[in-house]
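Breakdown of the fold
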2 protein chains.
Amino acid sequence: MATLKYSRQRESIKTNLMQRKDHPTADMVYSDIRIEYPNISLGTVYRNLALLTELGEIQKISSIDGPDRYDGQAKPHNHFVCKKCGKIVDVMNTPMDSLMKSMSSDFEGLVEECNITFYGVCKECAQKEGLI
Amino acid sequence: MATLKYSRQRESIKTNLMQRKDHPTADMVYSDIRIEYPNISLGTVYRNLALLTELGEIQKISSIDGPDRYDGQAKPHNHFVCKKCGKIVDVMNTPMDSLMKSMSSDFEGLVEECNITFYGVCKECAQKEGLI
DNA sequence: GTGGGTGCAAACCGTTTGCACACCA
DNA sequence: TGGTGTGCAAACGGTTTGCACCCAC
């Protein structure tokens with residue numbers, strides 16, 4: 001049961017996410033898709049984003065403030081989220097080995113599987129606020 | 001302007017957070033404070049938690065799902081948040097040096113200042129779900 | 001007395017869900 | 001035709017906010 005069926009809406013959402021290089025919110029994707037499918041509903045966008053995330057075809061990124069963001073890049077990688085402006089930057093090649101060592105033994109062997117999100121202040125915002 | 005005035009509500013919230021060793025939600029703090037101040041409102045709790053966070057006296061921790069959590073521990077440290085059960089574990093002594101090297105040069109010198117939150121699946125949940 | 005703090009309730013915002021209809025297989 | 005997907009709108013949960021009153025200074 002619950003066999004996956006084709007839908008052009010889901011296809012369009014996936015394609016949109018794969019093509020763009022930013023990390024849009026559900027609403028930003030919704031705006032884009034509505035150009036091609038004016039009747040699509042925001043609920044459908046959320047449902048498909050959740051489904052694609054579950055399938056591992058996209059990544060969901062939680063922000064500290066504001067709405068969640070999505071990443072169409074298939075290759076697993078991590079993110080840096082700016083607390084001030086919400087900007088998201090891809091972080092590749094995180095040194096997992098040294099991270100692992102610092103984690104309590106409760107989590108040994110598990111961190112490897114995780115998507116890690118770093119929060120902080122990006123250079124631009126730090127300069128604006130005189131933190132740098 | 002905006003001079004900080006004493007309030008026993010804020011004092012009580014701060015004390016409550018400092019004494020406990022878990023990472024409660026605003027609502028959990030609210031429940032506790034109501035024992036001493038039955039008329040306190042949830043809005044006041046949120047206002048004071050935000051204020052204390054801004055003052056750097058407590059830490060706000062964003063969860064992937066569910067409500068934000070708060071940490072009364074003054075010493076800066078990082079967190080591991082379990083995606084499955086929401087459990088939060090303190091992570092001390094993160095190897096910042098190796099992390100820094102892996103970050104893009106856009107953020108060099110800034111990551112050191114950040115609270116980092118690791119997301120993943122805790123050992124217990126991983127065992128429950130057969131991931132381990 | 002003045003201006004910040006509180007309690008209350010309504011509003012807010014992102015997200016989820018129930019339902020009837022549409023469409024893929 | 002059977003069952004999954006959609007559009008719509010209402011509901012939801014956590015959080016914020018406007019307002020009148022209260023209280024620290």
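We now examine the overall build of chain A. Counting secondary structure elements, chain A contains five helices and five strands. In chain A, the succession of α and β elements from N to C terminus is α-α-α-β-β-β-β-α-β-α. Every one of the 132 residues in chain A was classed for burial, and the buried ones make up 44%. Sequence-distant contacts in chain A: of pairs separated by 6 or more residues, those separated by 24 or more amount to 48%. About 7,600 Å² of surface is accessible on chain A, with carbon and sulfur atoms providing 48% of the total.

Here we take up the pattern of salt bridges. Pairing is possible between side chains that carry opposite charge, provided their charged atoms lie close to one another. Tallied over the full model, the rule gives eight salt bridges over all chains. We note a salt bridge from B:Arg20 to B:Asp22, for which the minimum N-O separation is 2.7 Å. For B:Asp22, a relative accessible area of 32% puts it in the partly exposed group. Here the residues in one salt-bridge network are A:Arg20, A:Asp22 and A:Asp32, joined through shared partners.

This paragraph deals with the packing of helix 1 (residues 8–19) of chain A against helix 2 (residues 26–36) of chain A. Residue and element names in this part refer to chain A. Contact geometry for helix 1 and helix 2: axes closest at 10 Å, N-to-C directions at 120 degrees. The orientation of helix 1 with respect to helix 2, classified from their angle, is oblique. The interaxial crossing formed by helix 1 with helix 2 has right-handed handedness. The residues of helix 2 that touch helix 1, namely those facing Ser12, Ile13 and Asn16, are Val29, Asp32, Ile33 and Glu36.

What counts as what
The residue numbers shown here count from 1 along each chain, following its written sequence. Here the convention is simple: chains get letters from A, ligands get numbers from 1, in the order in which they are written. Per-residue local features of the predicted model are confined to residues with pLDDT of at least 70, and side-chain atom pairs are confined, for both listing and counting, to 80 or more; whole-chain, interface and lining totals are unaffected and use all residues. No hydrogens and no water enter the side-chain calculation; it runs on all heavy atoms of the structure. By the criteria applied, helices consist of DSSP H or I runs no shorter than four residues and strands consist of E runs no shorter than two, each listed in order from the N terminus. Partly exposed describes any residue whose relative accessible area lies between the buried limit of under 20% and the exposed limit of over 50%, with all areas from a 1.4 Å probe on protein chains only and scaled to the type maximum. We call two residues contacting when some pair of their heavy atoms lies within 4.5 Å. Shrake-Rupley sampling with a 1.4 Å probe provides the accessible areas, and residues are treated as covered by the protein chains on show and by no other component. Just to be clear on terms, a salt bridge is a Lys or Arg side-chain nitrogen sitting within 4 Å of an Asp or Glu carboxyl oxygen. Angles shown run from 0 to 180 degrees and are taken between the N-to-C directions of axes, each axis being a line fitted to C-alpha atoms and, for helices, limited to the stretch in contact. Under this scheme an angle from 65 to 115 degrees is roughly perpendicular, one under 35 degrees roughly parallel, and one over 145 degrees roughly antiparallel; angles in between are oblique. Less than a right angle of anticlockwise turn of the near helix away from the far helix marks a crossing as left-handed, whereas a clockwise turn marks it as right-handed.

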